[in-house]
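Remarks on the overall topology
What follows is the residue order along each chain.
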Amino acid sequence: MAADPLAADRRRIDFLVHEIDRHNRLYYLDDRPEISDAEYDRLLRELRELEHAHPELRRPDSPTQRVGAPPSEGFAEVRHLVPMLSLDNAMDADEMRSFDDRVRRELEHEEPIEYLGEPKLDGAGVELVYETGRLTVGSTRGDGHVGEDVTANLRLCPSIPLVLATRSPVPERVSVRGEVILPIARFERLNERRLERGLEPFANPRNAAAGALRQLHDIDTRRLRSLEFRAYAIGEGAPDDVTTQAGILATLEAWGFGVSPESETCRGVDALIAYHERRLAARDRMQLEIDGSVAKVNRRDYQAELGTLTRSPRWAIAFKFPPQQETSVVEAIEAQVGRTGALTPVARLKPVRVGGVTVTYASLHNQDEIDRKDVRVHDTVVVQRAGDVIPQIVKVVLSKRPRRTRRYRLPARCPVCRAETLRLEGEAVTRCPNLDCPAQLKNNLRHLASRGALDVEGLGDKLVDQLVERGLVRRFSDVFRLDAETLAGLERMGEKSAANLVTSLERAKRTSLARFLIALGIRDVGEGVAELIASHFGDLDPILKASREELEAIQGVGPTIAESVERFFADPRNAAEVGELRDLGVRWEVSPPKPRGDGPLAGKTFVLTGGLAGMTRTRARKRIQELGGKVTSAVSKKTDYVVAGADPGGKLEKAQQLGVEVLDEAALEKLLGE
Ligand code: IVH
């Protein structure tokens, strides 16, 4: 027998087809590519070249056949030989029962009917025609009779077989129906990329999937490759020996299609309802969007007997989930003051049922979010509830905006205490800065009593609640006005514990300047910063008068902190409260101020990178700061030293590029005098 002269090429082509398919799956489906894009391109190019040299060896299921040009002038029409029907809907269990009653009446069937329960996939319905096992035409559902020819785009979808597997006999001509979907994780990534590129994000995976199929120009092939196809029906060419819908799914699977693994046979309507409930409960854990379940009479002879109406079959019904989105009207926008003083704009809505619960409020998060969505009072809005999260406003229905509405701005004064609100640079949140604001008082008092602050033993959360709720403490300083008699009258307080609390309040008054600063609860002023500011100024009065610039000059104090501190003390209410606290006996030891910029490392800026052997990075930073140096995180021309430990990474490279002096650990120790 003559040797096949092309045997080697044939084997190589088989290998390449298999290998490229495998990498496609790894890349698009599993999200864990094993080779670089360049290597992938090399494989594909090699395959193309071999196929070009030997066209007779080109396999119809070759990955090179997935790429093709779509028509340039709109899509051609495709007639569905068997109409693509739609489904009748049931909104609740009662409607499901009437569906089942109807089915049993028509079939004169007393016993429970066997149904197949399937998830109702929320994507775009398509039909794929295969002739002698090869994909010839792929089309959208269109009006059910005529759709659009989107074959070229569908060929890029990796889970659509170009050639049917022949584990099960394949008819001459067969049309397979199913849903093209975009899995949620890929949808989210797609939207992230769109936002990065300044494009409008897609509203939901269904729109993104349907839009992907109908691309005509500048085809986003990546989006097409991210699509998934799940088959659920055969239009023409269903084998006669397949007698049930479950059998249809098994056949489709044998031909190489993905089908919903969540499908289950259900005996009787109660089982169907239970199936639906299970799908609803699992909804948030699914990788793809479903908007209900579909019940299909399992036996095909029964299906034929029941027949179809013009639009939908009598043997199937879609049991819809309660909608997760609804429209409502914004009656008001209220600013709520949280325990930390953050003002959260909240839309009060005309009550509406969304996903099974009544929604009356939806958070608008912050001013930026309001600006982005431009939500106004009296606007009609789309409200969304996803899982257990608080309802959100998706968008404004602009066509329904009444005349003369105005953009919403968070109030300039706190709605609770009337203090002027402020929004620090670079922050999304608008706050009420008033220490005594009733909305924040409990929180502020808890903070004052905490261990790192004034450490008031016996002043627990429950007690704080009582004190504020009974009006015994109306301002921050009022805690130090409490006497044993008043305290003893409170719930769960005996004379003894009242006396103890008075003693610990007395003790707490003797503190340090740093602890006092912490107790005030100034934003961004934690332990480390309080220490830096306290040791720099030595006493409170210079801090009260310090400008932003003076504060910023302290090593370790950045512009955000400086602004927070300055604004805090600039508020006359806070200044007054601080005065009260001092009058009531809160005091600390005064130390001599540390003149600015002293220490051997004054004016020097350090960047630490890589691991140090002899000390932690935190300790190194502290030592540098103690000696007057400043530690920053990014290397720039202003950096004096980059300290490079083990595995230093990109910062070292940057230092070398900019010509910044690099110190090793030994050199740093020497500099620190250790
Ligand atoms: S069967 C005659 N099964 O829902 C049966 N359709 O509202 C018609 N759909 O156009 C289709 N999941 O695009 C069927 N498991 C499923 C489905 C499903 C989603 C879509 C399909 C159809 C629409 C009808």
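For clarity, every value in this text was computed on a predicted model and none was experimentally measured.

With respect to the site of the ligand
The immediate surroundings of the ligand are formed by 13 residues, with Glu118, Leu121, Glu179, Tyr232 and Lys296 found nearest. One of the side-chain N or O atoms of Lys120 is found 3.1 Å from an oxygen atom in the ligand. Within the side chain of Glu179, a nitrogen or oxygen atom sits 2.7 Å from an oxygen atom of the ligand. Within the complex, 86% of the 520 Å² of free accessible area of the ligand lies under protein.

What to know about the packing of helix 3 (residues 93-107) against helix 9 (residues 268-282)
The interhelical angle for the contact between helix 3 and helix 9, taken along N-to-C directions, is 145 degrees, at an axis separation of 10 Å. When you trace helix 3 past helix 9, the crossing you get is right-handed. Across the interface between the two elements, Ala93, Met96, Arg97 and Asp100 of helix 3 pack against Val269, Asp270, Leu272 and Ile273 of helix 9. Looking at the contact of helix 3 with helix 9, its residues break down into five nonpolar, no polar and three charged.

Here we look at empty space enclosed by the protein
According to the stated counting rule, one finds one cavity of 30 Å³ or more in the structure shown. When its volume is computed, the largest cavity comes out at roughly 30 Å³. Every residue lining the largest cavity is listed: Glu118, Pro119, Leu121, Ala231, Tyr232, Leu249, Ser260 and Ser263. Elements with a contribution of two residues or more to the lining of the largest cavity: strand 3 (114-121) and strand 8 (228-234). With three residues, strand 3 is the largest single contributor of residues to the lining of the largest cavity.

Digging into the sheet that holds strand 8
Read across the open sheet, the four strands follow the order 5-4-7-8; overall the sheet is antiparallel. Where the open sheet ends on each side, the last strands, each with one partner, are strand 5 (134-140) and strand 8. Between one strand and the next, the sheet's axes are offset by a mean angle of 35 degrees, whatever the strand orientation. Summarising the sheet, strand 4 (residues 124-131) and strand 5 pair through six bridges and their orientation is antiparallel. In the strand pairing of strand 5, Glu131 is matched with Arg134. Relative to strand 8, helix 8 (residues 245-254) is tilted by about 135 degrees, and along the sheet it contacts strand 7 (173-181) and strand 8.

Thoughts on helix 6 (residues 205-213)
When helix 6 is considered as a whole, its buried residues turn out to be Pro205, Ala208, Ala209, Ala212 and Leu213. With its buried residues spanning 130 degrees around the axis, helix 6 presents them on a single face.

Remarks on the sheet that holds strand 10 (residues 290-297)
One open sheet holds the five strands; their spatial order is 2-11-10-3-9, and the pairing between them is mixed. This sheet does not close on itself; its edge strands, each paired only once, are strand 2 (88-90) and strand 9 (264-267). Across the sheet, the mean angle separating the axes of adjacent strands is 35 degrees when strand polarity is ignored. As judged from the three bridges shared by strand 2 and strand 11 (residues 316-320), these two strands associate in the parallel manner.

Focus on the packing of helix 12 (residues 438-449) against helix 13 (residues 461-469)
Direction vectors running N to C along helix 12 and helix 13 enclose 140 degrees, while the axes themselves pass 10 Å from each other. Classified by the angle their axes make, helix 12 and helix 13 are oblique. The interaxial crossing formed by helix 12 with helix 13 has right-handed handedness. Every residue of helix 13 that contacts helix 12 at Leu441, Lys442, Leu445 and Arg446 is listed here: Asp461, Val464, Asp465, Val468 and Glu469. Looking at side-chain class alone, the contact of helix 12 with helix 13 contains four nonpolar, no polar and five charged residues.

What about a negative patch on the surface?
A cluster of acidic residues, Asp88, Asp92, Asp94 and Glu95, forms a negative patch at the surface. Relative to the elements of secondary structure, Glu95 occurs in helix 3.

Let's talk about unusual backbone geometry
The phi dihedral of His365 falls on the positive side, at around 70 degrees, and the residue is not glycine. Phi angles above zero are rare outside glycine, and Asp374 is one such case at about 50 degrees. Among the residues examined, Asp374 registers a relative accessible area of 13% and is labelled buried.

Section: the layout of surface pockets
Here the second largest pocket is characterised by a volume of approximately 1,200 Å³. What lines the second largest pocket is a set of 42 residues, and nearest its centre among them are Met84, Leu85, Ser86, Leu87 and Tyr232. Elements with a minimum of two residues in the lining of the second largest pocket: strand 3, strand 4, strand 7, strand 8, helix 8, strand 10 and helix 10 (300-306).

Some points on the confidence of the model for the chain
Across the chain, the average pLDDT comes to 88, with 94% of residues at or above 70. The low-confidence segment residues 68-72 (pLDDT under 50) makes nine contacts with residues lying over four places distant or belonging to another chain.

Observations regarding the packing of aromatic side chains
Overall, the coordinates contain six aromatic pairs when judged by the stated rule. Judged by centre distance (6.0 Å) and plane angle (40 degrees), the rings of Phe99 and Tyr115 are tilted. Of this pair, Phe99 sits in helix 3 while Tyr115 sits in strand 3; the two residues are 16 residues apart in sequence, bridging distant segments of the chain. By relative accessible area, which is 0% here, Tyr115 ends up buried. A centroid spacing of 5.1 Å and a plane angle of 85 degrees characterise the contact between Phe568 and Phe569, whose relative ring orientation is edge-to-face. For Phe569, a relative accessible area of 6% corresponds to the buried category. A connected cluster of aromatic rings, assembled from ring pairs, spans Tyr130, Phe229 and Phe257. Looking at Arg299, its charged tip hangs above the ring of Tyr302, at a distance of 4.1 Å from the centre.

About the cut-offs
Residues numbered from 1 in each chain as written. Predicted model: local features only at pLDDT ≥ 70, side-chain atom pairs only at ≥ 80, totals over all residues. Heavy atoms only, no water. Near = heavy atom within 4 Å. Polar contact = N/O pair within 3.5 Å; in protein donor to acceptor, adjacent residues only side chain to side chain. Areas by Shrake-Rupley, 256 points an atom, 1.4 Å probe, with all protein chains shown as cover. Axes fitted to C-alpha atoms, helices over the stretch in contact; angles between N-to-C directions. Helix = DSSP H or I, 4+ residues; strand = E, 2+ residues; numbered from the N terminus. Left-handed = near helix turned anticlockwise from the far one by under 90°. Contact = heavy atoms within 4.5 Å. Nonpolar A, V, L, I, M, F, W, Y, C, P; charged D, E, K, R; others polar. 1 Å grid on protein atoms, 1.4 Å probe; cavity = no way out; pocket = protein on both sides within 12 Å on 5 of 7 lines; lining within 4 Å. Points joined across faces, edges and corners; volume = space filled by probe spheres on them. Pairing = 2+ DSSP bridges. Buried < 20%, exposed > 50% of the residue type's maximum accessible area, 1.4 Å probe, protein only. Arc of directions from axis to C-beta. Parallel < 35°, antiparallel > 145°, perpendicular 65-115°, else oblique. Patch = residues over 30% accessible without salt bridge, like charges linked within 9 Å, V, L, I, M, F, W, Y side chains within 5 Å. Salt bridge = Lys/Arg side-chain N within 4 Å of Asp/Glu carboxyl O. Lys, Arg positive; Asp, Glu negative; His and termini not counted. Charge placed at Lys NZ, Arg CZ, Asp CG, Glu CD. pLDDT = per-residue confidence, 0-100. Phe/Tyr/Trp six-rings, centres within 6.5 Å; stacked < 30°, edge-to-face > 60°. Lys NZ or Arg CZ within 6 Å of the ring centre and 35° of its normal.

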